[in-house]
Amino acid sequence: MSAPPPKSSQLDPAWEVPAHIAIIMDGNGRWARQRNLPRLAGHRAGTENLRRVIRACAEFGVRYLTIYAFSTENWARPREEVEGLMEIMREFIDRELDELDAEGVQIRHVGKLEGVRPELQAKVREAIERTRGNQRLVLNVAFNYGGRDEIVRAVRLIVQEGIPAEEITEETIADRLYTAGVPDPDLVIRTSGEVRTSNFLLWQSAYAEWYFTPVFWPDFGREHLLEAIADYNRRERRFGRVLDPDE
Ligand code: FPP
């Protein structure tokens, strides 16, 4: 699918930049198929693109970027693809960690490490440790992540802690999600024309603005991100309220 023409190449100073953008990076497989390439070539192109989008977010002043890298459901893909994605993740950390660290990116993991190869677990932990003090952009990598799984885990923790039912608030749950301490996303982007949430940030995206674009993830560049931010600025966020009761 071809990209819609970008409308602007600069951030308008009047715009509000979403503090937290979350992205479902979809369409790698179709991008590869269009080029008669194996699916993994699409994931590699998607990973290259991720570098560009992380940098664009830092440039625009986005404070939190959450990316859906591997879902709890993705284990059901063919073994070769799962292995390939794990390898791509390992290479990404090896290749990018120094630069991301130098650019002030703090890497966090959203999801569970159980079931992930010990060598990769160690790499993820190293990336988190190395970048812990960085402040420019928090990059939450949703890896082995599922929104329902996350909520089940939070409920289990609440029960294990013996918190009485009447004391449970929204905060009690939010504090036990993988994203504890991270503000909810303001804007969730899904590429590739699919229009569904696919178990991503179910709790956290309750009041997010959703932006769907037909562009496949490897082609989603800085200009498309700008267009998503422009579109976000055309929305009126009401959080369930009436903004002007006389209108
Ligand atoms: C969805 O495309 C994409 C994924 C399941 C994986 C996303 C992973 C990356 C971009 C690279 C790894 C991430 C990091 C952090 C290094 P799809 O395969 O479902 O595409 P399709 O719907 O066209 O088949």
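If you're wondering where the values come from, they're calculated on a predicted model, not measured in any experiment.

### Things to note about the site of the ligand
Line of reasoning, step 1. Around the ligand, 17 residues are found, and the nearest of them are Gly29, Arg30, Arg39, Thr47 and Arg77.
Line of reasoning, step 2. Backbone polar atom of Asn28 to an oxygen atom of the ligand: 3.2 Å apart, as the coordinates give it.
Line of reasoning, step 3. Arg30 is positioned such that a nitrogen or oxygen atom in its side chain is 2.7 Å from an oxygen atom of the ligand.
Line of reasoning, step 4. In isolation the ligand has 630 Å² of accessible area, and contact with the protein removes 91% of it.

### Considerations on the nonpolar core
Generally speaking, a soluble globular protein has its nonpolar side chains buried in company with each other.
Line of reasoning, step 1. Of all hydrophobic cores here, the largest spans 45 residues; its most connected members are Ile21, Ile54, Leu65, Ile189 and Leu225.
Line of reasoning, step 2. The element best represented in this core is helix H3 (residues 79-102), accounting for 8 residues.
Line of reasoning, step 3. Excluding its chain neighbours within four sequence positions, the residues that come into contact with Ile21 are Val62, Tyr64, Leu65, Thr66, Leu187, Ile189, Leu225 and Ile229.
Line of reasoning, step 4. Counting 12 residues, the second-largest nonpolar core is a separate cluster that includes Ala22, Tyr68, Tyr178 and Phe200.

### Brief notes about the packing of aromatic side chains
Line of reasoning, step 1. Applying the stated criterion to the full structure yields 9 aromatic pairs.
Line of reasoning, step 2. When the ring of Tyr145 is compared with that of Tyr178, the centres are 6.3 Å apart and the planes differ by 65 degrees; the resulting orientation is edge-to-face. Placement of Tyr145 in strand E4 (residues 137-145) and of Tyr178 in the loop between helix H6 (170-174) and strand E5 (187-190) is noted, with a sequence separation of 33 residues between them. Grouping residues by exposure puts Tyr145 and Tyr178 together as buried.
Line of reasoning, step 3. Plain terms: the ring middles of Tyr145 and Phe200 are 6.4 Å apart, the flat faces sit at 90 degrees to each other, and that makes the pair edge-to-face. Linking Tyr145 in strand E4 with Phe200 in the loop between E5 and strand E6 (209-212), this pair joins segments that are 55 residues apart in sequence.
Line of reasoning, step 4. Assessed through its relative accessible area of 0%, Tyr145 is described here as buried.
Line of reasoning, step 5. Through a chain of ring-to-ring contacts, the aromatic side chains of Tyr68, Tyr145, Tyr178 and Phe200 assemble into a single cluster.

### Details of the packing of helix H2 (residues 39-60) against H3
Line of reasoning, step 1. One way to put it is that H2 packs onto H3 with a least axis distance of 10 Å and a crossing angle of 25 degrees. Classified by the angle between their axes, H2 and H3 sit roughly parallel to one another. Crossing geometry of H2 relative to H3 is assigned as right-handed. Packed against H2, whose contacting residues are Arg39, Leu40, His43, Arg44, Thr47, Glu48, Leu50, Arg51, Ile54 and Arg55, the element H3 presents Glu80, Glu81, Gly84, Leu85, Ile88, Glu91, Phe92, Arg95, Glu96, Glu99 and Leu100 at the interface.
Line of reasoning, step 2. Here the contact of H2 with H3 is built from residues that sort into 7 nonpolar, 3 polar and 11 charged.

### Re helix H4 (residues 118-131)
Line of reasoning, step 1. Over its 14 residues, H4 extends 20 Å from the first C-alpha to the last, a length consistent with the 20 Å expected when each residue adds 1.5 Å.
Line of reasoning, step 2. Burial in H4 covers these residues: Leu120, Gln121, Lys123, Val124, Ala127, Ile128 and Thr131. One face of H4 carries all of its buried residues, which in axial projection span an arc of 160 degrees.
Line of reasoning, step 3. The secondary structure elements touched by the buried residues of H4 are H3, strand E3 (105-110) and E4.

### Regarding the packing of H2 against helix H7 (residues 222-234)
Line of reasoning, step 1. Following both chains from N to C, one finds H2 and H7 inclined at 45 degrees, their axes separated by 9 Å at the closest point. The orientation of H2 relative to H7 falls into the category oblique. Handedness of the crossing formed by H2 with H7: right-handed. Of the residues in H7, those in contact with Val53, Ala56, Cys57, Glu59 and Phe60 of H2 are Arg222, Leu225, Leu226 and Ile229.

### Here's the deal with unusual backbone geometry
Line of reasoning, step 1. Phi at Asn36 is positive, roughly 55 degrees, even though this residue is not glycine.
Line of reasoning, step 2. Mapped onto the elements of the fold, Asn36 is located in the loop between helix H1 (28-34) and H2.
Line of reasoning, step 3. We classify Asn36 as exposed; its relative accessible area is 74%.

What counts and what doesn't
- Residues numbered from 1 in each chain as written.
- Predicted model: local features only at pLDDT ≥ 70, side-chain atom pairs only at ≥ 80, totals over all residues.
- Heavy atoms only, no water.
- Near = heavy atom within 4 Å.
- Polar contact = N/O pair within 3.5 Å; in protein donor to acceptor, adjacent residues only side chain to side chain.
- Areas by Shrake-Rupley, 256 points an atom, 1.4 Å probe, with all protein chains shown as cover.
- Core = buried A, V, L, I, M, F, W, Y, C linked by side-chain atoms within 4.5 Å.
- Buried < 20%, exposed > 50% of the residue type's maximum accessible area, 1.4 Å probe, protein only.
- Helix = DSSP H or I, 4+ residues; strand = E, 2+ residues; numbered from the N terminus.
- Contact = heavy atoms within 4.5 Å.
- Phe/Tyr/Trp six-rings, centres within 6.5 Å; stacked < 30°, edge-to-face > 60°.
- Axes fitted to C-alpha atoms, helices over the stretch in contact; angles between N-to-C directions.
- Parallel < 35°, antiparallel > 145°, perpendicular 65-115°, else oblique.
- Left-handed = near helix turned anticlockwise from the far one by under 90°.
- Nonpolar A, V, L, I, M, F, W, Y, C, P; charged D, E, K, R; others polar.
- Expected span 1.5 Å × (residues − 1).
- Arc of directions from axis to C-beta.

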